[in-house]
Every structure is written in C-alpha cells, then in structure tokens.
Amino acid sequence: MSREGNLEAPTRHALDWQNPDFYDEEKLNHELERVFDICHGCRRCVSLCNTFPTLFDLIDNNPTMEVEGVDKKDFMQVVDQCYMCDLCYMTKCPYTPPHQWNLDFPHTMLRAKAVKYKKGEVGFSEKLLASTDVHGQFAGIPIVVQTINAVNSTKIMRNVMEKTLGVDKDAWLPSFATEKFRHGAAKSEGFVVKDGAKTPGKVAIYSTCYVNYNEPGIGHDLLKVLAHNEIPYILVDKEQCCGMPKLELGDLDGVA
Ligand code: SF4
Ligand code: SF4
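Residues numbered from 1 in each chain as written. Chains lettered and ligands numbered in written order. Predicted model: local features only at pLDDT ≥ 70, side-chain atom pairs only at ≥ 80, totals over all residues. Heavy atoms only, no water.

Concerning the packing of aromatic side chains
Okay, so step 1: On inspection of all chains with the given rule, the structure shows six aromatic pairs.
Okay, so step 2: With a centroid separation of 6.2 Å and an interplanar angle of 35°, the aromatic rings of Phe 52 and Phe 56 are classed as tilted. Of this pair, Phe 52 and Phe 56 both sit in helix α2 (residues 51-60), separated by four residues, roughly a single helical turn. Note on accessibility: Phe 52 and Phe 56 belong to one class, buried.
Okay, so step 3: Relative to Trp 101, the ring of Tyr 95 has its centre 4.6 Å away and its plane inclined at 50°; by these criteria the two rings are tilted.
Okay, so step 4: A connected cluster of aromatic rings, assembled from ring pairs, spans Phe 36, Phe 52, Phe 56, Phe 75 and Phe 105. (Phe/Tyr/Trp six-rings, centres within 6.5 Å; stacked < 30°, edge-to-face > 60°. Helix = DSSP H or I, 4+ residues; strand = E, 2+ residues; numbered from the N terminus. Buried < 20%, exposed > 50% of the residue type's maximum accessible area, 1.4 Å probe, protein only.)

The following block contains the structure:
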C-alpha cells in the first residue's frame, strides 16, 4: 500500500540535474503532462499562487477539459508563474515521495525552467534583473544612490524600463538604501550564550540582497529583537547573493 508523502515531515530530494535525461524536452513534456494530470484531479493547491489557476484555466478552457487537450507550448505559461516557494510540496501535496506517484511539483517546474534556460530562451534583461549583487552595489554610495532612486521613479524612466527590461511601469520597485545593512549593523553586545533545548543560543545572520541593499530596516529590527532577548549574534563574514533569482530563471550552472 502506498503511503501519503505528507503524513510525515516532507523531505527535499536532490535534483537530478546532471543527468542528460533531465534536459530531454520530450521526457520533460511527458513528466509535465503526468504531473499536471494528477493536479487536475486534485486541485488542492488552487489558492497558493497563480501557477495552479493558470494550469486549471488551460485545462477547463479547452474542449476536452483534460490535460491532453492543452497545447504543450502553453505549458510554459504555467511554469513561468512558479516562483519556487516550495509551499505546495512542503505543506499541501499528499503525493510527494514516498508516495508511488512521486510528485514533486516545484522540482518539475524547475526542470522546465532549466530546459528553457539551456535552450537560450532567457533574455538579457531577465539575467540582468536576477543579478541582484551587481545592481545592489549602487546602494550606499552617496549622491549616486539618491540619483538612481530619483531617476527610477520618473515616468520617463519607468517607460524605458518597461520597454527594455520588461518591468511593468506601474509595478512597485524597491529603492536602493542610502546605507547597506551590513555597513550600519550594530555590533552584538557581549551576551552569554544560553542554548535552548533544541536550538543553539547564538545567531549567525545572512542578511540577503534585499535587506542589505533595499530594506536595511528589516535587518536592524531583527538585531534589536535579538539584543532585547540577550541573544548574541554575528553577521556572516562574507556574503554574496544566494542565487535564488538565478535559480528561478533555471540557471542551474550559475548557482551550483
Ligand atoms: S512552489 Fe511554485 S507552484 Fe508551488 S506554491 Fe510555490 S509558487 Fe506555487
Ligand atoms: S501539487 Fe499535489 S496537492 Fe497540489 S494540486 Fe498538485 S497533486 Fe494536488
């Protein structure tokens, strides 16, 4: 008898991304069809993100009302909506391994993104936007950062960005911080480490690109909470982008 995957704590399995079959488009489409068909019969994740409604609309709006009636070219419409949060896998899906259906929706989306990337179908603008460490370098430079923020908020620039980078002119855009979080972070006071029952009593902080370059206030708030609770912390010595934006593009070599 098969066991439901999420009757126990879900486990993340390694991606078989170096297997040549991983990039075989025919095999990918076969797997997408198999996974989409199971989701079509389940629909439990419809409220999680726009990926599932996109899939179900494609199914419901074709005459067969089945996955087989969906044009395979449209599969990427579904894939493009997934931002790899893992929520469906970790919290909802009853068919994750060890279930015999072995369903891993986010990894299937990632495989499709990786195939798209390998085919050279990811454009320069998407790659540039995913290089958060590159444009984040402007944060904290006096005058430059104010100038960039001011220019980025003008209608002319937003129109240019829409045309050249595909960033919707009405979309909210984070501004660059006048001081990077890592530069302005308060040093930890000399609190004694008091281990909890299950957790160590000290914290190493990896600030992330967003907090470091765009929203340092989130990081400073965290430091205040730790200090209030007398928990010692350090900022990790070296920090670079975790690679999530590149992963979302399917650039697996770029984040390996
Ligand atoms: S991993 Fe993708 S499909 Fe699953 S909930 Fe997150 S965004 Fe949606
Ligand atoms: S990922 Fe799992 S739970 Fe979510 S719709 Fe598909 S089969 Fe259902």
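More follows now that the structure is in view.
So, the site of ligand 1
Okay, so step 1: Around ligand 1 there are 13 residues in total, and Cys 49, Cys 82, Cys 85, Asp 86 and Cys 88 lie nearest to it.
Okay, so step 2: Taken atom by atom, the bulk of ligand 1 overlaps the second largest cavity.
Okay, so step 3: Per-class residue counts for the shell around ligand 1 are eleven nonpolar, one polar and one charged. (Near = heavy atom within 4 Å. 1 Å grid on protein atoms, 1.4 Å probe; cavity = no way out; pocket = protein on both sides within 12 Å on 5 of 7 lines; lining within 4 Å. Sits in = over half its atoms within 2 Å of the grid points. Nonpolar A, V, L, I, M, F, W, Y, C, P; charged D, E, K, R; others polar.)

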